[in-house]
Amino acid sequence: MKNPILKENIERFESMRHPLSLQAGIKEANRCLLCYDAPCSKACPAGTDPGKFIRQIKFLNFKGAARTIRNNNVLGSVCALICPVEKLCEEQCSALALEDPINIGGLQRFATEYGKHNNLEKNQPGKRTKAKVAIIGAGPAGLSCAAELAKRDYQITVFEKEQKAGGMPAITIPEFRLNQDALNYDIQNVMDLGVEIQFGASISCKEHIEKLKNDGFEAIFIASGLTKALKLPLLNNYQNALSYIQFLSEVKNGQLNIDVENKTVAVIGGGSVAVDSANTAKALGAKKVYLISLESLSELPADDEEVRLAQIMNIVFKSSTQITGIENANNEIIALAGQEVEWETPGNYSPSNAVLVNHTQFKIPVDIVVTAIGTAVADELPKVFEGLQTGAKNCVVANNQFQTNIPGVYAGGDVVNGGATAVEAVSHGKEAADEIDRFCSISGK
Ligand SMILES: Cc1cc2nc3c(=O)[nH]c(=O)nc-3n(C[C@H](O)[C@H](O)[C@H](O)COP(=O)(O)OP(=O)(O)OC[C@H]3O[C@@H](n4cnc5c(N)ncnc54)[C@H](O)[C@@H]3O)c2cc1C
Ligand code: SF4
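Computed from a prediction, not measured in an experiment: that's the story for all the values here.

A. Molecular detail of the overall build of the chain. Across its full length, the chain holds 17 helices and 16 strands. Taken over C-alpha atoms, the radius of gyration comes to 23 Å for the chain, in line with the 22 Å a tight globule of 445 residues would show. Projected onto its principal axes, the C-alpha coordinates of the chain cover approximately 65 × 55 × 40 Å. For the chain, buried positions account for 46% of its 445 residues. Intrachain contacts of the chain at a sequence separation of at least 6 include 71% that bridge at least 24 residues.

B. Fine view of the pairing of strand E2 (residues 155-160). For E2, the buried fraction is high: five of the six residues fall into the buried class. For strand E1 (residues 132-136) and E2, the ladder comprises five bridges, and the chain directions are parallel. Within E2, the position partnered with valine 133 by the bridge is isoleucine 156. Here E2 pairs with strand E3 (residues 196-199) via four bridges, running parallel. Considered in E3, the bridge of phenylalanine 159 is made with glutamine 198.

C. Looking closely at the environment of isoleucine 102. Residue position: isoleucine 102 is located in the loop between helix H6 (76-82) and helix H7 (104-117). Among the residues examined, isoleucine 102 registers 25 C-beta atoms within 10 Å and is labelled buried. As for isoleucine 102 and glycine 194, which are separated by 92 residues in sequence, their C-alpha atoms are 35 Å apart. If sequence neighbours within four positions are ignored, isoleucine 102 has contacts with Glu28, Arg31, Cys32, Ile54, Cys93, Ala95 and Leu107.

D. Highlighting helix H8 (residues 140-151). Compared with the 16 Å implied by 1.5 Å per residue over 12 residues, the 17 Å span of H8 between its first and last C-alpha is a close match. Residues of H8 that are buried: Pro140, Ala141, Gly142, Leu143, Ser144, Cys145, Ala146, Ala147, Glu148, Leu149 and Ala150. Where H8 is buried, its residues meet E1, E2, helix H9 (167-171), helix H10 (180-192), strand E4 (217-222) and helix H17 (422-442).

E. Summary view of the site of ligand 1. Around ligand 1, the structure places 40 residues, and the nearest of them are Gly137, Gly139, Gly167, Gly225 and Gly413. Class assignment for the residues of the shell around ligand 1 results in 22 nonpolar, 13 polar and five charged.

F. How the structure looks around the sheet that holds strand E8 (residues 288-292). If you trace the five strands from one edge of the open sheet to the other, you get E6-E14-E7-E8-E9, paired in parallel fashion. With one partner strand each, in any of the chains shown, strand E6 (241-243) and strand E9 (316-318) form the two edges of the open sheet. On average, adjacent strands in this sheet sit at an angle of 25 degrees to one another, irrespective of strand direction. As defined by bridge partners, E8 adjoins E9 across three bridges and the pair is classed as parallel. Pairing of tyrosine 290 across the sheet is with valine 316, part of E9. In the packing of helix H12 (residues 244-252) onto the sheet, contacts are made with E6 and strand E14 (368-371), and the angle to E6 comes to roughly 80 degrees.

G. Examining the site of ligand 2 more closely. Close contacts around ligand 2 come from 15 residues, with Cys44, Cys79, Cys83, Leu88 and Cys89 the closest. Of all the elements in the fold, those that place two or more residues in the shell around ligand 2 are H6 and H7. Looking at the shell around ligand 2, the element that brings in the most residues is H7, giving three residues. When its residues are assigned to classes, the shell around ligand 2 shows 11 nonpolar, four polar and no charged.

H. The arrangement of the sheet that holds E3 in detail. Read from one edge to the other, the open sheet built from five strands follows the order E3-E2-E1-E4-E16, with strand pairing classed as parallel. Strand pairing shows two members of the sheet lacking a second neighbour, E3 and strand E16 (409-411), which therefore form its edges. Sheet twist, expressed as the average angle between the axes of neighbouring strands with direction ignored, equals 20 degrees.

I. Up close: the domain arrangement of the chain. As far as domains go, the chain holds domain 1 (7-117), domain 2 (132-227 + 377-442) and domain 3 (229-375). Centre-to-centre separation of domain 1 and domain 3, based on C-alpha positions: 33 Å.

J. Up close: the packing of H12 against helix H13 (residues 272-283). One can describe the packing of H12 onto H13 by two numbers: an axis separation of 10 Å at closest approach and a directional angle of 45 degrees. Comparing the axis directions of H12 and H13 gives the class oblique. Read as a crossing pair, H12 and H13 show a hand that is left-handed. Counting all contacts with H12, which are made through Tyr244, Phe247, Leu248 and Val251, the residues of H13 involved are Val273, Ala274, Asp276, Ser277 and Thr280. Classifying every residue of the contact of H12 with H13 gives six nonpolar, two polar and one charged.

Criteria and thresholds
Residues numbered from 1 in each chain as written. Chains lettered and ligands numbered in written order. Predicted model: local features only at pLDDT ≥ 70, side-chain atom pairs only at ≥ 80, totals over all residues. Helix = DSSP H or I, 4+ residues; strand = E, 2+ residues; numbered from the N terminus. Rg over C-alpha atoms; globule rule 2.2 N^0.38 Å. Buried ≥ 20, exposed ≤ 12 C-beta atoms within 10 Å, placed from the backbone. Contact = placed C-beta atoms within 7 Å. Pairing = 2+ DSSP bridges. Expected span 1.5 Å × (residues − 1). Near = placed C-beta within 6 Å. Nonpolar A, V, L, I, M, F, W, Y, C, P; charged D, E, K, R; others polar. Axes fitted to C-alpha atoms, helices over the stretch in contact; angles between N-to-C directions. Domains from an automatic or database assignment. Parallel < 35°, antiparallel > 145°, perpendicular 65-115°, else oblique. Left-handed = near helix turned anticlockwise from the far one by under 90°.

As structure tokens, this is what we get:
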């Protein structure tokens, strides 16, 4: 059982759910069927091992559960809050055949909170006696690779262009879904392992790579994610049209220059980031928020829970529609013109497959437009690494061992898979660490 979503907390940018109490945690763990070869554990990309930590909670070993999570997944607190569990561990839960699945995310949060508030021993720093490894980006992939290698005594430096660690979850995910405490706890656990993080350190030209080589770094892990928000040319150069990255990051930093209160906001996009933007606008006091998507409501790529959240927040879904034009005045968009669409080939949700339906034109007056139609890798990355092989959306091409075409240069997370989940990025970081360890050991570093 999950605790209900609290609308008033969202409006105050506080955690949208109360954590499970001690009694509720034990009761939920007691529902576990203690499967042999637990399918939930197999379904967790990062190997967090819910089968084990739920058993530990069931037998009242709460600290043991917290330790299992932290040892297996350096972003265990973050993942407990943001993992799309319905598609991962909970989807495979055997209890699902009988009733609701076990609330694995809730139990993971229960255990990490228990560890935090009951003096779980700190991580011990690695000895830093092995080779120097540079990691570009302090997001889930970078932090997880850093932690695994630090545990094995490598000298790890993470170069992060922002002034904070945590990647996209720290930069954009609204506080009501992911609180700063959870992020801080996980990041501190990584730093306790002896990982050095340099903030405001953008690796953005060939000279930076030369310097890393001259400074004795033996391997590099690229974990720089997706930082370039895709644009709709129609909306270019209007001051009241923002990308979701700009909108969400400015809200998180308290630097939003545009007043949302009592305004009409249109968010263009149907994925998780679009829903986060719409809910954030509503929480900031927008009068009306539209979510405009090519997909119908049942086809939205956003996770089910996020769609439920948007419904609770009274977001107006303008589904199966395409924006075809704008009206403007004084360099601002004042209305969006659109038309309904249907798919030429059913089941193919790409924009090029959407066809306009005759006589369905509409117009929406708007004050602010937020675009959330996708993200790509920053343009400069292939120039930073001369000869680096890249593919669609500028993503880095890496093999199953996370190795790029340049010896000693590895890559993982969103920068490779084009955007997925935090837990997948954590798994890439862990697996890449194994390969970097192998590479350095073979070359005697
Ligand atoms: C709004 C939003 C909501 C999301 N919601 C969820 C969710 O609910 N659940 C979920 O699992 N996932 C969610 N995701 C996706 C998840 O955040 C990503 O899949 C995950 O963060 C990818 O991790 P990463 O380490 O590969 O990259 P990122 O998290 O993008 O981290 C990359 C880091 O590299 C830094 N960097 C970039 N370029 C450079 C450079 N040149 N030099 C130095 N540093 C650099 C960046 O500043 C950043 O800190 C969401 C994403 C967004 C944007
Ligand atoms: S990390 Fe995420 S996917 Fe893995 S067990 Fe925990 S909640 Fe489930």
